[in-house]
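Fold and contact review
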Amino acid sequence: MIPVSHYLFLSLVLFAVGVVGVLTRRNVIIMLMSIELILNAVNINLVAFSRLYGSVDGQVFAIFVIADAAAEAAVGLGIILAFFRNRKTIHADEMHLLKW
Amino acid sequence: MHAFLQSVSAIAMPVLCAVVIVLVLPLLAGYIVLVERKVMAHMQARLGPMRVGPHGLLQPIADALKLVLKEDVIPMNADRMIFWFAPVISVTVALVAYSALPIGPAFQIADLNVGLLFIVAVSSLGIYGIVLGGWSSNSHYSLLGAMRSAAQLVSYEVAGGLALVSVLLLAGSLSMKEIVQAQLDQGVWFVFYVPFGFFIYLVASIAETNRAPFDLPEADSEIVAGYMTEYSGFRWALYFLAEYANVIIVAGVATTLFFGGWLRPLTRYRDHFPGTSVELLDVVPTLAMIALAVYCFRLAPEQPVRVQKRVMAAAGVKCLLFAAILLASLFGSDAVRQGVHGAFWFLVKVGAYIYCFMWFRFSFPRYRFDQLMRLSWQFLIPLALVNVIGVGVAIVLREKWDWNPFLSLVPTTLATLGFAAWLTAEESDFSDEAEGSAAGDAGEAAVNGGGE
Amino acid sequence: MVLANILFYFFALLAVGSSALMITRKNIVHAAVFLVTTLLATAGIFLQLEAEFLFVVQILVYAGGIMVLFVFVIMLVNLDIEMRAVRFNGQWKVAGALAFVLAMQVLTALWAGRKTFHLPAPPTALAAKNTEAVADALFSHFMLAFEVASILLLVAMIGAVVMGKRSAE
């Protein structure tokens, strides 16, 4: 049995990579994908502890996280599509219509 | 060291099964193509491949050689890495799905607790092979074909999955072995319990594998070959192999869920030969093989060419060999008998299902893309949902109020039939209006590119 | 089993490598493919943790549904200009430092408090079959959350259809 700290470390690394992705990339779609990566890191954490305690609550929560990620990806991509049709760009820098 | 040896021996049998599947499948896919061409030919009152080898039996080998030796063409400005990767994804996914498929009780790579869901999930990854292939070809028609194909696959996956759920309610487990066991315990193949589930799964599986009448994305007269247009040679052979591997998987799933998997028809009829432990119906496979052998031997003298006579005779001898194996296994241990006969019945049922696929291909006209999408979203999915609810009601009737199992499913079937009739009547009302429905529009806007 | 442990490290390496490749690709489709690889590696880790239902759900929903949606949208907005555009925004150094600080913070917190973690001995064999246990929990304790999640998905579906439609012409 692998000590749970290894899973925590993996989850942390994926989380950090996702955070870097969201903060550094200009392309909004890649930012969304990095957010999905963050959610996955959280899922690994949840399932590792669920295995440790022998209860399925962590896995059920992970299922809800996946459902939520699906909803958010669908709506987010719809917004990106609508924005792209209007402005022909998907760079975060160029989405500054409401900036003062 | 002992633990290592133990873990090696635990995975030896699955690895052996996997090796057999990987070696046999390309050959099998090639010969299924030959059978399809022959069936197509005979349904069209002609003969099909006859030249390459006697009765065209060497045609698949000639085709494979040609494809391997063909020049490898990559379109200019194509994304090379993904162009290379897409057919690999398709084939890998199709082969991985075989790990949970039981070909007879003894031949299964891994009896997962979630086997059925695993096969469905892994098959859904095949979409990437199509979409990435179409996109990386750097061609408008390929991309359009790929998007259409992917949209079709996604839509029919939902319908097929819901149809499978109705069977799962009856079986109580996701493990393929336990589903067959449930059919053995309940004494009835699930196709007789949920005929609508079978119908929905049949239609969904034809659409899932991009076969006619749902083959708009890859039909020659439509968008050339859709996502496969720019692929030639061995890469195309990989896509082809993936398509036929998918067909066999889908047939295997349908057989396991609806037709009792490896169970003999009439499993409850266990009369023995007097004095032995051999059951009467267990000699049917042997007799069938002997009948096939007799047929081959009768046809042999009537062949025009000497080599064809010899091949027919050899086919007859092969059938006799199978008959001998089937007969010998009757006197072996239980495991051997079940393994061999189970595999025989499984393959017969899968063959029948695939023959039906071929039959449909040459009988029905092609669906237009918007008709296809409407069929899935506005007919099959509501029908599948009603079916699931109906089966749930039937189970409550069966377990809480002790109805006879068959009787409990009659209201389900009637309700689903009524709903289907209502849906069909509704459709004919608005099929004449303009095709502006949301199901055709949302997300497909770029796909219909220039359509009405 | 030894094989399971080796598999964890293999999948972990695959996940970290793919994710690092994903955030650095210039070509969005390549990034999407690497994210799919990451998701499949995560599914492998779930399987190694004996969460078989979640393993299948991850492949079916995340890799086979959400990412297909991503790939579709990427192909609809694909711009050639994209390939020549500047990849990282001007703040990448700050962001990198921030992520590093965050990681160090969490690690320090874990290390400092490691003696206070009362981790039970993990059970060697899980009681019920995983799918059935998850179903039991989902439909009894978490019923309200389940219903709310369904409504969330319905709302998201309607929202996506509305956002994706072309304006009425």
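The shown structure was predicted, so the numbers you read here are calculated from the model rather than taken from an experiment.

Some thoughts on the interface of chain B and chain C
Counting residues at the interface gives 29 residues for chain B, matched by 23 residues for chain C. Counting residues per element, the ones that place at least two in the side of chain B that touches chain C are α1 (2–43), α4 (115–124), α5 (126–136), α6 (140–171) and α16 (438–441) of chain B. Among the elements that take part in the side of chain B that touches chain C, α4 of chain B stands out by supplying six residues, more than any other. Looking at the side of chain B that touches chain C, its residues break down into 24 nonpolar, four polar and one charged.

Re the nonpolar core
Generally speaking, soluble globular proteins have nonpolar side chains that are buried together. I29 of chain A together with A32, M67 and F70 of chain C are the most contacted members of the largest nonpolar core, which totals 196 residues. The biggest single contributor to this core is helix α3 (residues 52–76) of chain C, with 18 residues.

What to know about the domain arrangement of chain B
Residues and elements named next belong to chain B. Here the domain parsing of chain B yields domain 1 (10–62), domain 2 (70–268 + 361–433) and domain 3 (280–360). Listed as interface residues are six residues of domain 1 and, on the opposing side, five residues of domain 3. Grouping the constituent residues of the side of domain 1 that touches domain 3 by class yields four nonpolar, one polar and one charged.

A look at the interface of chain C and chain A
Facing 69 residues of chain C, the contacting portion of chain A comprises 60 residues. Sorting elements by how many residues they give to the side of chain C that touches chain A places α3 of chain C first, with twelve residues. When its residues are assigned to classes, the side of chain C that touches chain A shows 56 nonpolar, eleven polar and two charged.

Here's the deal with the environment of E157 of chain B
In this structure, E157 of chain B sits in helix α6. Those residues in contact with E157 of chain B that sit more than four places away from it in its chain are S124 and E208 of chain B.

Focus on helix α3 (residues 57–87) of chain A
Compared with an ideal rise of 1.5 Å per residue, which puts 31 residues at 45 Å, α3 of chain A spans 44 Å between its outermost C-alpha atoms and is within 8% of the ideal. Looking one or two places after α3 of chain A, you find K88 of chain A, whose phi comes out positive at around 60°.

Quick notes on unusual backbone geometry
All names here are of chain B. Of note, the phi angle at A45 is positive, near 60°, even though the residue is not glycine. With respect to the helices, strands and loops of the structure, A45 is situated in the loop between α1 and α2 (59–69). Using a count of 6 C-beta atoms within 10 Å as the deciding quantity, one classes A45 as exposed. With a phi close to 55°, N138 is a non-glycine residue in the positive phi region. Along the polypeptide, N138 turns up in the loop between α5 and α6. According to the C-beta neighbour criterion, N138 is partly exposed, with 16 such atoms within 10 Å.

What counts as what
Residues numbered from 1 in each chain as written. Chains lettered and ligands numbered in written order. Predicted model: local features only at pLDDT ≥ 70, side-chain atom pairs only at ≥ 80, totals over all residues. Contact = placed C-beta atoms within 7 Å. Helix = DSSP H or I, 4+ residues; strand = E, 2+ residues; numbered from the N terminus. Nonpolar A, V, L, I, M, F, W, Y, C, P; charged D, E, K, R; others polar. Core = buried A, V, L, I, M, F, W, Y, C linked by C-beta atoms within 7 Å. Buried ≥ 20, exposed ≤ 12 C-beta atoms within 10 Å, placed from the backbone. Domains from an automatic or database assignment. Expected span 1.5 Å × (residues − 1).

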